[in-house]
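What the coordinates show
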Amino acid sequence: MKYSDRLHSKALERYASQLNSRARAAGSPGAVTADELRGVVLDSGGRCSWCGASVVNAEFEIDHILGVVRGGPNIPANLALACPDCNKRKAFKHPARFAAEVLARGAPRTPFIDRVLERYGGDDPGMQGDLFADDLPPGRAIRGDDLDEDPAPYVW
Ligand SMILES: [Zn+2]
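In what follows, the accompanying structure is described. (Residues numbered from 1 in each chain as written. Predicted model: local features only at pLDDT ≥ 70, side-chain atom pairs only at ≥ 80, totals over all residues. Heavy atoms only, no water.)

Here the focus is the packing of helix 4 (residues 95–104) against helix 5 (residues 111–119). At their nearest, the axes of helix 4 and helix 5 sit 8 Å apart, and the two run at 140° to each other. On the basis of the axis angle, helix 4 is oblique to helix 5. You can see that helix 4 and helix 5 cross each other, and the crossing is left-handed. Here helix 4 contributes P95, A96, A99, V102 and L103 to the contact with helix 5, which in turn contributes I113, V116 and L117. (Axes fitted to C-alpha atoms, helices over the stretch in contact; angles between N-to-C directions. Helix = DSSP H or I, 4+ residues; strand = E, 2+ residues; numbered from the N terminus. Parallel < 35°, antiparallel > 145°, perpendicular 65-115°, else oblique. Left-handed = near helix turned anticlockwise from the far one by under 90°. Contact = heavy atoms within 4.5 Å.)

In structure tokens:
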């Protein structure tokens, strides 16, 4: 979807419906409406939540902060605006791991990044095994962000 002063309701509805079917396929609870999606987009101030890049007049995507395949709920509080590059790089990574990655690449330490690190235990050594293990357990082959399968929720 393209970020501009006029976010078309039809586009938001289509996007909400995509997020909802992806979440359903992953067994994730919740559903988002086009209006809720509009709120997430406007709250972003036109910047990627992860790297801080402007998406004004550019394409953006909506990311489940804790991925639905990791058991993240499909609710507005678990959604963030992401630039296509960050969404692609993040794929199925644990949110705290990805937050550490964007900081290492020089992204500003924003309140969003702080919330992710606080909530998902980026600094907790007990989490390291999970955070830096392969992105998903063996036998869970998933390509890109495209879920046609029906994986069981991944408990991190
Ligand atoms: Zn980004």
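Moving on from the coordinates now.
Attention shifts here to the packing of aromatic side chains. Evaluated as defined, the whole model comprises three aromatic pairs. With a centroid separation of 6.0 Å and 70° between ring planes, the pair formed by Y3 and F60 is classed as edge-to-face. Of the two residues, Y3 is situated in the segment before helix 1 (9–25) and F60 in the loop between helix 2 (34–43) and strand 1 (61–64); the sequence distance between them amounts to 57 residues. Summarising the burial analysis for this pair, Y3 and F60 share the class buried. Considering the side-chain rings of W50 and F98, the 5.2 Å spacing of their centres and the 75° angle between planes classify their relative orientation as edge-to-face. Of the two residues, W50 is situated in the loop between helix 2 and strand 1 and F98 in helix 4; the sequence distance between them amounts to 48 residues. Grouped by ring-pair contacts, the aromatic residues W50, F98 and F112 constitute a single cluster. (Phe/Tyr/Trp six-rings, centres within 6.5 Å; stacked < 30°, edge-to-face > 60°. Buried < 20%, exposed > 50% of the residue type's maximum accessible area, 1.4 Å probe, protein only.)

Note on placement: S44 falls in the loop between helix 2 and strand 1. At 3.1 Å, the side chain of S44 and the backbone nitrogen of G46 are in polar contact. In contact with S44, not counting residues within four places along its chain, are Y3 and L81. (Polar contact = N/O pair within 3.5 Å; in protein donor to acceptor, adjacent residues only side chain to side chain.)

This brings us to unusual backbone geometry. Residues other than glycine seldom take positive phi values, yet N57 does so here, at roughly 60°. Along the polypeptide, N57 turns up in the loop between helix 2 and strand 1. A relative accessible area of 52% means that N57 is categorised as exposed. Notably, A91 is not glycine yet its phi reads approximately 45°, a positive angle. Note on placement: A91 falls in the loop between helix 3 (84–90) and helix 4.

On to the pairing of strand 2 (residues 79–82), then. With burial as the criterion, each face of strand 2 is covered, one bearing L79 and L81 and the other bearing A80 and A82. Sheet topology places strand 1 next to strand 2; four bridges connect them, and they run antiparallel. Looking across to strand 2, one finds that H64 is bridged to L79. (Pairing = 2+ DSSP bridges.)

Of the protein atoms, only C48 (SG), C51 (SG), C83 (SG) and C86 (SG) coordinate the zinc ion, at distances of 2.3 Å. Taken together, the four donor atoms surrounding the zinc ion define angles of 105 to 113° at the centre, an arrangement classified as tetrahedral. Exposure remark for C86: the relative accessible area of 1% places this residue in the buried category. (Donors = N, O, S within 2.8 Å, 3.2 Å for Na, K, Ca; no water. Tetrahedral: all angles 85-135°; square planar, octahedral: opposite > 155°, others 65-115°.)

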